[in-house]
Amino acid sequence: MLSNLFDGLSMKKILVTGGAGYIGSHTCKALSKAGMEPIVFDNLVLGHQWAVKWGGLEVGDLLDRDRIVDVAKKVRPEGVIHFAGHSCVGESVSDPAKYWRNNVAGTINLLDALVYINSPPVVFSSSCTVYGITNVDLISENVAVEPINPYGETKRAVEIMLKDYEVAADLRHIVLRYFNAAGSDADAEIGESHNPETHLIPLAIASAAGDMKALKIFGTDYSTADGTCVRDYIHVTDLADAHVRALNYLLDGGDSNLFNLGAGVGYSVREVVDAVGRIVGSPVPTEPSVRRPGDPTRLVADTGHAREILHWKPVNSDLDNIVATAWRWYQMRKQVLSWPGLGADKLDVS
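Definitions and cut-offs
Residues numbered from 1 in each chain as written. Predicted model: local features only at pLDDT ≥ 70, side-chain atom pairs only at ≥ 80, totals over all residues. Heavy atoms only, no water. Pairing = 2+ DSSP bridges. Helix = DSSP H or I, 4+ residues; strand = E, 2+ residues; numbered from the N terminus. Axes fitted to C-alpha atoms, helices over the stretch in contact; angles between N-to-C directions. 1 Å grid on protein atoms, 1.4 Å probe; cavity = no way out; pocket = protein on both sides within 12 Å on 5 of 7 lines; lining within 4 Å. Points joined across faces, edges and corners; volume = space filled by probe spheres on them. Nonpolar A, V, L, I, M, F, W, Y, C, P; charged D, E, K, R; others polar. Phe/Tyr/Trp six-rings, centres within 6.5 Å; stacked < 30°, edge-to-face > 60°. Buried < 20%, exposed > 50% of the residue type's maximum accessible area, 1.4 Å probe, protein only. Lys NZ or Arg CZ within 6 Å of the ring centre and 35° of its normal. Left-handed = near helix turned anticlockwise from the far one by under 90°. Contact = heavy atoms within 4.5 Å. Core = buried A, V, L, I, M, F, W, Y, C linked by side-chain atoms within 4.5 Å. Parallel < 35°, antiparallel > 145°, perpendicular 65-115°, else oblique. Disulfide = S-S within 2.5 Å.

### As for the sheet that holds strand 5 (residues 122–127)
Reasoning step 1: Pairing is parallel in the open sheet, where seven strands are placed in the order 3-2-1-4-5-6-10. One side of each edge strand has no neighbouring strand; the edge strands of this open sheet are strand 3 (56–59) and strand 10 (257–261). When strand polarity is set aside, the average angle formed by the axes of neighbouring strands in this sheet is 20°.
Reasoning step 2: Relative to strand 3, strand 2 (residues 37–42) is paired through four bridges, and the arrangement is parallel.

### Topic: the layout of surface pockets
Reasoning step 1: Here the second largest pocket defines a volume of roughly 260 Å³.
Reasoning step 2: What lines the second largest pocket is a set of 14 residues, and nearest its centre among them are K29, A30, K33, D185 and T237.
Reasoning step 3: Residue assignment for the lining of the second largest pocket shows that the elements contributing at least two residues are helix 2 (22–33), helix 8 (236–251) and helix 11 (319–336).
Reasoning step 4: A total of four residues in the lining of the second largest pocket trace back to one element, the largest contributor, which is helix 2.
Reasoning step 5: Split into classes, the residues belonging to the lining of the second largest pocket amount to three nonpolar, six polar and five charged.

### Comments concerning the packing of aromatic side chains
Reasoning step 1: Across all of its chains, the model carries three aromatic pairs by this definition.
Reasoning step 2: Each ring, one from W50 and one from W329, has its centre 5.7 Å from the other, and the planes form 35°; the classification is tilted. With W50 in the loop between strand 2 and strand 3 and W329 in helix 11, this residue pair connects regions lying 279 residues apart in the sequence.
Reasoning step 3: For W50, a relative accessible area of 26% gives the class partly exposed.
Reasoning step 4: For the pair Y99 and Y151, a centre-to-centre distance of 6.5 Å together with 85° between the ring planes defines the contact as edge-to-face. Of the two residues, Y99 sits in helix 5 (residues 96–116) while Y151 sits in helix 6 (residues 150–169), which places them 52 residues apart along the sequence.
Reasoning step 5: If you follow K73 out to its NZ or CZ, it ends over the ring of Y116, 5.8 Å from the centre.

### Structural notes on the packing of helix 3 (residues 65–75) against helix 5
Reasoning step 1: Where helix 3 meets helix 5, the axes come as close as 9 Å, and the angle between the chain directions of the two elements is 35°. Between helix 3 and helix 5 lies a crossing whose hand is right-handed. Along the contact surface, helix 3 presents R65, I68, V69 and A72, while helix 5 presents N109, L110, D112, A113 and Y116.
Reasoning step 2: Residue composition of the contact of helix 3 with helix 5, grouped by class: six nonpolar, one polar and two charged.

### Notes on the environment of R333
Reasoning step 1: With respect to the element layout, R333 can be found in helix 11.
Reasoning step 2: Classification of R333 by relative accessible area gives buried; the value is 4%.
Reasoning step 3: Residues R333 and E192 lie 141 residues apart in sequence; the distance between their C-alpha atoms is 9.6 Å.

### Here's the deal with the side chain of H86
Reasoning step 1: Tracing the backbone shows H86 in the loop between strand 4 (79–82) and helix 4 (89–94).
Reasoning step 2: Ignoring any residue separated from it by four or fewer positions in sequence, one finds H86 in contact with L46, K98, Y99, N102, N103 and Y151.

### Some details on the nonpolar core
Reasoning step 1: Ranked by size, the top nonpolar core spans 30 residues in total, and within it I23, L31, L176 and L261 carry the most contacts.
Reasoning step 2: Listed by contribution, the elements that provide at least two residues to this core are strand 1 (13–17), helix 2, strand 6 (173–178), helix 8 and strand 10.
Reasoning step 3: For this core, the element with the highest residue contribution is helix 8, accounting for seven residues.
Reasoning step 4: Look past the residues within four positions of I23 in its chain and what remains in contact with it is F83, Y178, A181, V236, L239 and H243.
Reasoning step 5: The next biggest cluster of nonpolar side chains, apart from the first, holds 28 residues, and it includes A204, Y222, A275 and V276.

### Looking at the packing of helix 5 against helix 6
Reasoning step 1: Contact geometry for helix 5 and helix 6: axes closest at 10 Å, N-to-C directions at 20°. Taken together, the axes of helix 5 and helix 6 lie roughly parallel to each other. The way helix 5 lies across helix 6 gives a crossing that is right-handed. Counted together, P96, Y99, W100, N103, V104, T107, I108, L111, D112 and V115 of helix 5 and P150, Y151, E153, T154, A157, V158, M161, L162, Y165 and A169 of helix 6 form the full contact between these two elements.
Reasoning step 2: Of the residues contributing to the contact of helix 5 with helix 6, the split by class is 15 nonpolar, three polar and two charged.

### Comments concerning the state of the cysteines
Reasoning step 1: Per the counting criterion, the structure on display carries zero disulfides.
Reasoning step 2: Free of any disulfide, C128 has its nearest neighbouring cysteine sulfur in C229, separated by 12 Å.

If you want it as C-alpha cells, here you go:
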C-alpha cells in the first residue's frame, strides 16, 4: 500500500556526464540518497559500467553532438552535473589537442544541447589547477587564476564559457574547483579505479600491500617541514555531498556561483605515506626522485565560501579515514574485480 502512494510521484531527473567515473559515481549515489534520479551519460572509456548502480545509463560521447542532443531531449533533466572530460596533467602537456577537443569542444556540444531544452542549471566539475602556482597558505576564490598546463587551461575555458552561456541563454551554473579527491565509498560499493593509476594514495597502498614496486616521491627538497610538497586531500564522499548541495542551491533559484572544495588542511607526501603504512599495517617502500616541472610547494583550499553559502563542510576528510576507506576498497576490488595496471611511474600528487 505504501509503495502505491509513491507510484504517482516522479523523482527529479539529473543528467550526470561522466557519471561512471570515480567522483561521478559517488555523486550519483549521493543524488539517489537525496531522492533524485541520476541518469549517467558516459562513453565508458575511462568510466566503468559496474559503477552505474543508482540510475540509468546512456552510453555516448560528448563529441557526438547528435547523441547528446537526443539524450537531452529524451531525459529532459531538471539539472545537470558535468564531470565528463580528461584530467591527467602530464598527458595534457604531451597531447593538448585531446584535452581541448574533449574538455572544451565536448562541453560546447553539451551546453548547446541544454539550450535546446530550456537551459537546466549546471554544476561543473572544475579544478584547483586553474590557480597555477600560488604563494598563499590558503587559496580562496579571489586568488588570481593562472593555469600552467593545458588541463588547467581547459577547465578555465569552460568556466568562461559558462558565463557567456548564462548571458546568452540564461544558463545558471555553479563551478566547483576542488583539490585532491581521495578515499572511497564507506560501503566499498564503488571506489577509485584508474588505468593506469596516477594518484598518490592508491599507489602508496599498492606499494604497502606488496603489489607494486617502491613508490616514487617526486621532490624531497621543497621548503616544507619534511621536504615534500603539501596538498589538500578531500574525501570523495564530501565532494559528492557538495555537488548535491550545489545542485539544490540552483534548483531552489540560486544565482550562479563559484566555490573551492577541500578539507582546508594540508598534508605532505611523507605524511600521507606514513598514514598509509599505519592503516595498511606495512611500511610503504619509497624511492626519492627529482621534482616535476611546475609542481607547487603547497596547495590548500580556503573553503569558507562553500561553508557559508552551501552550508557544506567536509566531515569525512580526516586523513586516516580517507586512507582507511581507500584501503577497504582496494582489498575488495582485488578480491572481486580484476585490478588494472598501476602505472607506477605516473604518480600524480598535484
